[in-house]
Structures are given as structure tokens and as C-alpha cells.
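# Tertiary structure, described
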Amino acid sequence: MVDSQIMAENPLLLPLNKEKTVYDGFITVQDRDFRIRILLPPGHQLKQAKLHCCWQLKRLLSGYQHILKQRLHHAPDLVSFILELKTVLELAMKSRPDCQSIPPPQYYSQLITEMQSLGWDKLLFIDSEFRTLKLQGEDSAGRKHILTVKLKPKYPDEAPEFLADLPFPFHMSWTPQSTLAHVHGRFLLHLEGLAEFWSVLDEIDEQTWVLEPEKPSRVDTMRRIAIGNNVSIKVEIDPRHPKMLPDCCLLGAEHVVTPLRTKLNANMHLWNPDCSILQNMRDVLEIEFPSPSTHEKSSLSTECGICYSYRLESAIPDQVCNDPRCGQPFHQVCLYEWLRGLTTSRQSFNIVFGECPYCSKPITVKMAVQKP
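The notes below deal with the structure included here. Since this is a predicted model, take the numbers as computed values, not measurements.

Conventions adopted
- Residues numbered from 1 in each chain as written.
- Predicted model: local features only at pLDDT ≥ 70, side-chain atom pairs only at ≥ 80, totals over all residues.
- Heavy atoms only, no water.
- Helix = DSSP H or I, 4+ residues; strand = E, 2+ residues; numbered from the N terminus.
- Buried < 20%, exposed > 50% of the residue type's maximum accessible area, 1.4 Å probe, protein only.
- Contact = heavy atoms within 4.5 Å.
- Areas by Shrake-Rupley, 256 points an atom, 1.4 Å probe, with all protein chains shown as cover.
- Lys, Arg positive; Asp, Glu negative; His and termini not counted.
- Charge placed at Lys NZ, Arg CZ, Asp CG, Glu CD.
- Pairing = 2+ DSSP bridges.
- Axes fitted to C-alpha atoms, helices over the stretch in contact; angles between N-to-C directions.

Looking now at the overall build of the protein. Scanning the protein from N- to C-terminus turns up nine helices and 17 strands. Looking at the 372 residues of the protein, the share that counts as buried comes to 41%. Here the contacts in the protein between residues at least 6 apart in sequence split such that 44% fall between residues at least 24 apart. Per element, the accessible surface of the protein, about 20900 Å² overall, is 53% carbon and sulfur. Averaging the coordinates of the 41 positive side-chain charges in the protein and doing the same for the 44 negative ones gives two points 8 Å apart.

Next comes the structure, spelled out in C-alpha cells:
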């Protein structure tokens, strides 16, 4: 009776001897077959049973040995144990994406055919599972970009996932007739649509001192540009309209920032979309930006007056004492922790009021944002 139940639950697992103490065959989970052999003692007691399996199954069950031993001790019969083994395997496969079902042979043959059609020179990388590919493309300015394509087991019926060095996600309409050549072509169109955006940022990166981000990527849309010692402007550029007036935020001591803010507001009507952002900012702010050809970056980078470093993780000093005779910069988190430790400081909502560590003049700082 038990033998017929085993065959009903798992027809690929059969007894090898009359005593029915050795079962051999395959256990099937999520359309994958794993070789398995179960050795039972003469009394058929599961507590003393031994389980032998293929290396793929051993790898999959790594970390679940204690659960299997527990199930062997408590399962009333072999049928119940096999059902529980299947449950454990399903959980293990869900937690191990690399152990998901293997695609059929036509998946690989179609993928090779598509790569031959696209051109192997477009392929930068492919993993051993033929699941993740990296394709390269160039925009009209010769800038190289990478598109990561993550294929699903049911490709091409199931749309791949895309990751690219773009300021917004790469999407395309997908049908079972779509191919890697279609993907690459669509990627090139996206690159051309962003070529002007990257040219605007390249000009800023080459002709000014960019304080943040420290190492800009093609994804970044923000630049914090040095104007002078402890004063800068942060611009957020729209990738779809890169020459339009960007969001601007002037950073620094108030006695320095206020005149610049006044010029920005008064001259905003002079903004010319036919000119570059950098030229427009020169005209609107009525300044010349420090550049690698005119200034050393060290002359524009002043250390925090509390921790005595310029870069703290990814942050640079952006809090400045507003007293014209002081102007000492601080990291936001450093100033916040300093003021919070003083008995004379007070807090209102998320702003801490206190005294500058250098000149004792009034200074404020917003509560440091805690990273998740």
C-alpha cells in the first residue's frame, strides 16, 4: 500500500529490492528532476533512513539539513516525508533564483541566432547560465553606454528586465516576436534622445569644479558647482529639456548668497534656451566660474571646522557660519551633533539653534536625516 502511494505521489521513485528498503529515481519540483536514493533500515524506520542525492540537490538543500533530519524523525511514513521534502525544495528554490527551472534547448538556440543577427561585437558579457547579457552602444558623440538584459526562462514569450546607465528607466514594448536586435535598436534611440543632455553635463564637468557628485555617472542629473570659497550652486537638469532653466539652489553664507540670489531672480528673463546652461548661468549670475585652468580645487575645498575633513562619507561641508568675519563651513551632521551636545542650544521642530563653534555667533542647522 505504501509503495503504491509513493508511486502515485512520485512515479519516478521506485523500489530496487523486494524488501523495499532502497528507493531510487527522481523527485520532481517546479519542472526540474533531481536524482535521489533513499535507504531504509530493515524495520523501515525513517529515523535511521539515509538520503543520497545528486550534487544539484545537495547544493539546493544546503542549509536545510536540520529541517530534513527533523522531518525524518517526525514523518509517520515515507510518503509523508517525500511530500515534506518537496515542500522544502520549493522553498529552497524560491530563495535561490539561480536554481530556478532550466530553459528548454530552443531557448539557447534562439539566443545564439539572435546574437549572430545582432553582431557579437555588441555583446560585452554573457553569464554561464545564458540569463544575463550586457550590450554596448554609442551615442552620436561617441560616448559608450551599457545595457544589461536579464532574460526570463520563458524568453521570448516573457519580457526581459533592463538596466542601463540612463537618468530614467529603459522601457520598450515587448511581444514574443521581439529580439535582441530590437532591444539594441531601441536602446540606441534612447541614447540619441539623451545626447544633448550628456553634452550639457560634459561641458559643466570639463569647465567648472564640480563638488558633487564626486564621480558623476551618466545617471546623475545634479551638479553642485563651485562659485568661490565656501559658496556653490546646485543645479538639477531636466534630461528631456537640458537647455531650459534648471532648478537652482545657492549654498553658502547668506552675505555671499543673497547678492547672487538677487541677480538670479532679476536676470532670469535673460535665459536663452539656444545657449548652453553654463553660458546662461554666467550671464544670469554675472560671474565667471572657477575652472581647472584658473583655480586649484584645493583652494575651493575647505575642511569642516569640527571633524577637520572635507569629505565625510559622501557629504561635503554645506553648513556655513553667516557672520562675514567667520564663514567657517561644517558638515550638516557634524554641526548638528555639536549643537545638540551644548546645554545652551535649543530645538524648534527640526531646526537646532546654537552658537558657532568658532566665533560664537548664532547659527542654525536642520536635524540630520538618518540613513535607512
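The next subject is the environment of Lys47. Here Lys47 shows up in the loop between strand 3 (32-39) and strand 4 (50-53). Sequence separation between Lys47 and Leu72 is 25 residues; the distance between their C-alpha atoms is 5.5 Å. Aside from chain neighbours lying at most four places away, what touches Lys47 is Leu72 and His73.

With that out of the way, let us pick up the sheet that holds strand 8 (residues 161-164). Pairing is antiparallel across the open sheet formed by four strands, whose spatial order is 5-6-7-8. Only two strands of the sheet have a single neighbouring strand rather than two, namely strand 5 (123-126) and strand 8. Sheet twist, expressed as the mean angle between neighbouring strand axes with direction ignored, is 20 degrees. The pairing of strand 7 (residues 144-150) with strand 8 spans four bridges and is classified as antiparallel. If you follow Thr148 over to strand 8, its bridge partner there is Leu163. Here helix 6 (residues 180-207) sits on the sheet in contact with strand 6 (132-138), strand 7 and strand 8, set at roughly 45 degrees to strand 6.

Turning our attention to the pairing of strand 7. As paired elements, strand 6 and strand 7 share seven bridges and run antiparallel to each other. Note that in strand 7 the partner of Leu133 across the bridge is Val149. Between strand 6 and strand 7, which follow one another and run antiparallel, lie five residues, and Gly142 among them has a positive phi close to 85 degrees.

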